[in-house]
Amino acid sequence: MTLRDQPPDIGPSYVIEREIGRGGMATVYRAHDRRHNRRVAIKVLDPEVAATLGTARFLQEIATAAGLSHPNIVPVYDSGEHGGVVYYVMPYVEGTTLREQLSGGKRLPPIEVARIALRIASALDFAHRNGIVHRDIKPENIMLFEGEPLVLDFGIARAVTAAAGENLTRTGIAIGTPAYLSPEQASGDSGLDGRSDQYSLACTIHEMVAGTQPFIAGTSQGVIAKRFTERPQSLVGIVPEVTRPFADALTRAMSLEPADRFPTASAFAQELARGAQAAETSAKTDTSPKSVAVLPFTNTSADAENEFFADGITEEIINALTRVRALRVPARTASFAFKGKTEAIEEIARKLRVSNILEGSVRRAGNRLRVTVQLVAAPGGDTIWSDRYDRELADVFEIQDEIATSIVDALKVVLSGDEEVAIRKVPTQSIRAYEYYLRGRQLYHQRKPEPLAAAEEMFRRAIALDPGYALAYAGLADASGVRHGSFGGGEEALAQADAASKRALELDPTLAEAHAARGLALSYHAQFDEADRELREAIRLDPTSYDNAYHYARVLVSAGRLEEAARMFETAASLRPEDYQALALANNMYHRLGREAEHRDAGLRAVEAATHALAINPADTRALTLGAATLLRMGDQEAGREWLERALKLDATNPITFYNASCFESLAGRTDVALDYLQRAIHLGLHNIYWLLNDPDIAGLRDHPRFATVLREAEAAAAG
């Protein structure tokens, strides 16, 4: 019996029960965690491997991976070294590995593969946003528990790589598995990014669908060589259920060059889902997350002033449901485009691309509240669930929680623990303060100077009634910041954004909105390192938030970090697939970076999303102007100019419209016209200096003598 065959002693906290697995570098044991009275899985490094790597560096990297918290990632509970034994601890999952599911060449239907791929991709993108590349995605590292995939060993390959450093080849420790290794990883490239994991995921999915690995040879070296000399065989005609779009997505994700793959794992998985769905035209299964749109609740109160309350409850329910990863919920802007309209439910569902609609009404009389809701399936119009809540006004939070939870139950979605907590969190005990907060949110969404100032006043009133209302402070910071950066607010607005964001964070350090507000306030001061930390923390606390990812990407642009900004815009787009803004700005970044394949891919998606948004709301000037610049970058100046002219006719007072017109004319080479539009935007209140210094669209203006004059005007206006 060798030392490796003997159960290791890792200290008094854990009792080893039995061996459950063994690999080239480690042995896995089932154990009992005495301190927390729970069953765990413990991976113990082979002593020779541990000695080669160096314990301290390995454990340091494991600690970084332990920070990942995602429902499809098996977390690291603990790690350490005891008597020369190096180990790390994970939850013990009663499930089977994907390898076991695929044993004997078993294949899975594309519709099921796409569902699993969406979950794995969500986990990968979350890790990639946090700077961690898995490096060893394969069927053995994916557990299936009650049908849900869980990714194992996140950060472990990175820890081994970092610990071994330049001695990796000499030590003989192989990182990654040849059958799933990306070409760049096989070449020893140390600068891997998320597209390497995407390649490995594609190899895994190929095996799930075809029952065989994409590259087969007699030796590991032969397998690796094939990925450099052969293209993976298309599965069209080989696997009957595989459609051309599904196979094309798989082939693209296994491109030899990372730049030719999808920008993110989620973008790849979504394309797979669309391809799988095409083969299921007669089935009702939805491979994408289940979808529901929350239409603006009707105010049936005698007092029309209570419109804000109905709008506020609608927005709160949208926000709660958006935190459920298994649901796709159109954003407030999309749903509220139907406010006051009488279109049929089926037509609204078609335009919003959802399979369910929630509609309701709110009636308030004194301290009594009646909320009536019904969840309707589309097509068909059948009522899935309905209810009426006759309560005291003080029960408004409970009502919102019950509605959100009932929708989740009706759609047969299982909530994770953190999702339940997020839905049920009560922001304030003062209903009056909450009313002012809702008024503030309603005004904030108008994004115009006077409503923004009024929103700030509403948030201040909420704070006066509840000085501990962290969310109201965050709202105040956001409103002041937007007024400062885009609508002529001077030092006073900036100071208020600064103070309010600090206070929000002091009151609730666990509030994602507080960290996001603080990050944005810091960015206005050009404190980009500090802003980076705050916005990363906001994303960690709420990885489902489109706003957090989108605003972080914009801060990265202001800091001149265009490569990172492009990736973060893609992340935002994956969180809100119907959104055109993040895709248009990703297209902008790729254009400047010379990344042609990604530039074209993002551009096509942005134009499609903007076109769809305009079908819902033809007066969406932001869709028109961002879409115009995207069309121009894609080579269609005529269509782009037509969109721009429509926007200028619709809104001749908004500084953002004129700024985007400046971008268009700069790209078109009409420098003087572009500078005229830029000057107009600044006179109307646009003061975001660092965006002006780094936006790729106006790079052609920055060497012009007039630009320095315009910039000085912006700086003077920003100072108030």
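Up top you'll find the structure we're talking about.
So, here's what we can say about the structure. (Residues numbered from 1 in each chain as written. Predicted model: local features only at pLDDT ≥ 70, side-chain atom pairs only at ≥ 80, totals over all residues. Heavy atoms only, no water.)

## Let's talk about helix H30 (residues 671-683)
Each turn of an α-helix holds 3.6 residues, which means side chains three or four residues apart point in the same direction. Using the following cut-off: By the criteria applied, helices consist of DSSP H or I runs no shorter than four residues and strands consist of E runs no shorter than two, each listed in order from the N terminus. One less than the residue count of a helix, multiplied by 1.5 Å, gives the span that helix is expected to have. Classification of residues uses two cut-offs on accessible area relative to the type maximum, computed with a 1.4 Å probe and protein chains only: under 20% is buried, over 50% is exposed, and between them is partly exposed. The directions from the helix axis to the C-beta atoms form the arc being described.
The end-to-end C-alpha distance of H30, which contains 13 residues, comes to 18 Å, matching closely the 18 Å that a straight helix rising 1.5 Å per residue would cover. For H30, the complete set of buried residues consists of Ala 674, Leu 675, Leu 678, Ala 681 and Ile 682. For H30, the angular spread of the buried residues around the axis is 120°, confining them to a single face. Looking one or two residues past H30, Gly 685 carries a phi angle of roughly 125°, positive in sign.

## Looking at the sheet that holds strand E7 (residues 142-145)
To keep it simple, the criterion reads: One bridge is not enough; two strands pair if DSSP finds at least two bridges between them.
Strand order in the open sheet formed by three strands is E6-E7-E8, with antiparallel pairing between adjacent strands. The two strands at the open ends of the sheet, each matched to only one other strand, are strand E6 (96-97) and strand E8 (148-151). Here four bridges tie E7 to E8, and the two strands are oriented antiparallel to one another. Directly across from Ile 142, in E8, lies its bridge partner Val 151.

## Observations regarding the pairing of strand E13 (residues 356-365)
Of all the 10 residues making up E13, seven are buried; the element is thus mostly covered by neighbouring parts of the structure. Where strand E10 (residues 293-294) lies against E13, two bridges are found, and the strand directions are parallel. Bridging from a neighbouring strand, Val 294 pairs with Leu 358 of E13. In this sheet, E13 lies alongside strand E11 (residues 298-299) in parallel orientation, the contact comprising two bridges. By the bridge assignment, Thr 298 is partnered in E13 with Ser 361. As paired elements, E13 and strand E14 (residues 368-377) share 10 bridges and run antiparallel to each other. What sits directly across from Arg 364, in E14, is Leu 369. Where E13 folds back onto E14 in an antiparallel hairpin, the turn is made up of two residues, including Gly 366, whose phi is positive at roughly 65°.

## Looking at the packing of helix H17 (residues 431-444) against helix H18 (residues 449-465)
Geometrically, a packed helix pair is captured by the angle between its two axes and the distance between the axes. So the rule is basically this: Fitted lines through C-alpha atoms serve as axes, helices being fitted only where they are in contact, and the angles separating the N-to-C directions of these axes extend from 0 to 180 degrees. Here the word oblique covers every angle except those under 35 degrees (roughly parallel), over 145 (roughly antiparallel) and from 65 to 115 (roughly perpendicular). The crossing is said to be left-handed when, going from far helix to near helix, the turn is anticlockwise and less than a right angle, and right-handed when the turn is clockwise. Any pair of residues with heavy atoms lying within 4.5 Å of one another is described as a contacting pair. Put simply, Ala, Val, Leu, Ile, Met, Phe, Trp, Tyr, Cys and Pro go in the nonpolar bin, Asp, Glu, Lys and Arg in the charged bin, and everything else, Gly too, in the polar bin.
The geometry of H17 relative to H18 is characterised by a closest axis approach of 8 Å and an angle of 165° between their N-to-C directions. If you check the angle between H17 and H18, you find them roughly antiparallel. The two elements H17 and H18 meet at a crossing, and its hand is left-handed. Judged by residue contacts, Arg 432, Ala 433, Tyr 436, Tyr 437, Arg 439, Gly 440, Arg 441, Leu 443 and Tyr 444 of H17 engage Pro 451, Leu 452, Ala 454, Ala 455, Met 458, Phe 459, Arg 461, Ala 462 and Leu 465 from H18. Its residues assigned to classes, the contact of H17 with H18 shows 13 nonpolar, one polar and four charged.

## Let's talk about the pattern of salt bridges
Two side chains with opposite charge may pair up if their charged atoms get near one another. For the record, the criterion: The term salt bridge refers to a pairing of a side-chain nitrogen on Lys or Arg with a carboxyl oxygen on Asp or Glu at a separation within 4 Å.
Within the structure shown, the criterion is met by 54 salt bridges. Of the charged contacts in the structure, one is a salt bridge between Arg 323 and Glu 513, with a shortest N-O distance of 3.0 Å. Here Glu 513 lies in helix H21 (residues 512-524) and Arg 323 lies in the loop between helix H12 (307-322) and strand E12 (327-328), a separation of 190 residues in the sequence. Linking Arg 595 and Glu 598 is a salt bridge whose minimum nitrogen-to-oxygen distance equals 2.4 Å. The same class applies to Arg 595 and to Glu 598, which are both buried. Connected through shared salt-bridge partners, Asp 193, Arg 195, Glu 563, Arg 567, Arg 595 and Glu 598 make up one network.

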